[in-house]
Structure formats: structure tokens, C-alpha cells
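Chains, contacts and geometry: an overview
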Amino acid sequence: MILGQSLQINYAVMVLELIGMITLPSLLGMAVHDWSQGRVVHFSKQIGGFTSKIGFFIVIVISAALVAPEVHWNGAMIKLLLVTLLAVTAGYCLGYLGSFTAKDHSYDITIAMIYNVGLRNLSFGLVLALTYFPAAAALPLTLSMLYQQPIAAIIPYLYKQPPQKSSSTSQASASS
């Protein structure tokens, strides 16, 4: 509306594609887990985790290759890098702040909120941008993907779980 352009999206096709890409594989994974009575957990943590990281890396490389012609190292690119970093970091910070609204403000709730708010499905936005807009529209999304995963990896180091008080420590302090 602002730019005087419209975007025609076939929502039925989009929903069917999302079901095929997300829902069916998720249901299949849950069925395999239940059928194997959890024996595939080792595979998913070791080999499956490794292959998913390789797949994610391939998605980023393809995305970067598509937007590479739009990268021009100047002041505008530096601003875009900084704004994108700020936006990604703000998502994680909002998740942390939002955890204070939870009744049970425990470590587990806080970490869940940080990741649930901070991690966004940028791949969908990237596909949408590359499909319906010029490659320049996908540049901020690609940069966000490059920031999002490394920041997610350092969250556990930044927000460490408080040490658990053992019963012997609390009994010793109560008797003194």
C-alpha cells in the first residue's frame, strides 16, 4: 500500500507447501520416534544433527550466492549490518525480558522464552523475498540468518544456569 505495489500470493499453494516441508516431516519424525521407542534419539543427536547443520549451511550459501550481486561495501551496507545485528539481538533480549512475565521465572522458562522469541523463521521470509521481490529485498534476511545462529549458540554461555543448592549445603548452613 505504501509503495503502490501489490503482491499476489496463492495461499492455498503456500499452505500445502508448508505442510509438505514442515508438518509432514515433523509428524513422520514423531512417528519414527514412537515406533522405535526412542532408539533413534542417538542418531538424531549425532548423525541427524550433523547433517541438519550441513543442510542449513547449504541454505545459507545458496541464499548468499543469490544476494551477493546486491552487496556493495559502502556506508549503507555497514548500516544494514549494524541494524540487522541490532534487530536479531533485540529479539533475544525481548525473549529474556518477556520471561519475567511468567509465573515460574525459572532458568528453563527463561531459556525457552529467549529462544522462542529470538529465533524466527527467516527461511520462509527469504523464500518469499526471493520469489516475489528483487534480490536486494532478501539481503537483510540473509544477514539475519548469519547472525541468528551464532548468537543462539552463545546464549547458554551468556545466561548460565544458577548453581543448584544441595541439601547438605542447606542443612549445614541451617545448623550454623
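In case you missed it, the structure is sitting above this.
What this report covers is the structure whose coordinates are included nearby. (Residues numbered from 1 in each chain as written. Predicted model: local features only at pLDDT ≥ 70, side-chain atom pairs only at ≥ 80, totals over all residues. Heavy atoms only, no water.)

What about the overall build of the protein chain?
Put simply, the rule reads: Secondary structure follows DSSP: runs of H or I at least 4 residues long count as helices, runs of E at least 2 residues long count as strands, and numbering of each begins at the N terminus. The classification of residues rests on relative accessible area computed with a 1.4 Å probe and restricted to protein chains. Under 20% of the type maximum is buried, over 50% is exposed, and intermediate values are partly exposed. Any two residues whose heavy atoms approach within 4.5 Å at even a single point are treated as in contact. Note on areas: Shrake-Rupley, 1.4 Å probe, and residue coverage restricted to the protein chains presented here.
Along its length, the protein chain carries seven helices and zero strands. Seen in sequence order, the protein chain has helices and strands lined up from the N terminus as α-α-α-α-α-α-α. Residues counted as buried form 21% of the 176 residues belonging to the protein chain. At a minimum sequence separation of 6, the contacts of the protein chain that also span at least 24 residues come to 68%. Carbon and sulfur atoms make up 70% of the accessible area of the protein chain, which totals about 12800 Å².

Focus: the environment of Ala137
Mapped onto the elements of the fold, Ala137 is located in the loop between helix 5 (122-132) and helix 6 (139-158). The class for Ala137 is partly exposed, based on a relative accessible area of 36%. Placed 11 residues apart in sequence, Ala137 and Leu126 show a C-alpha to C-alpha distance of 8.6 Å.

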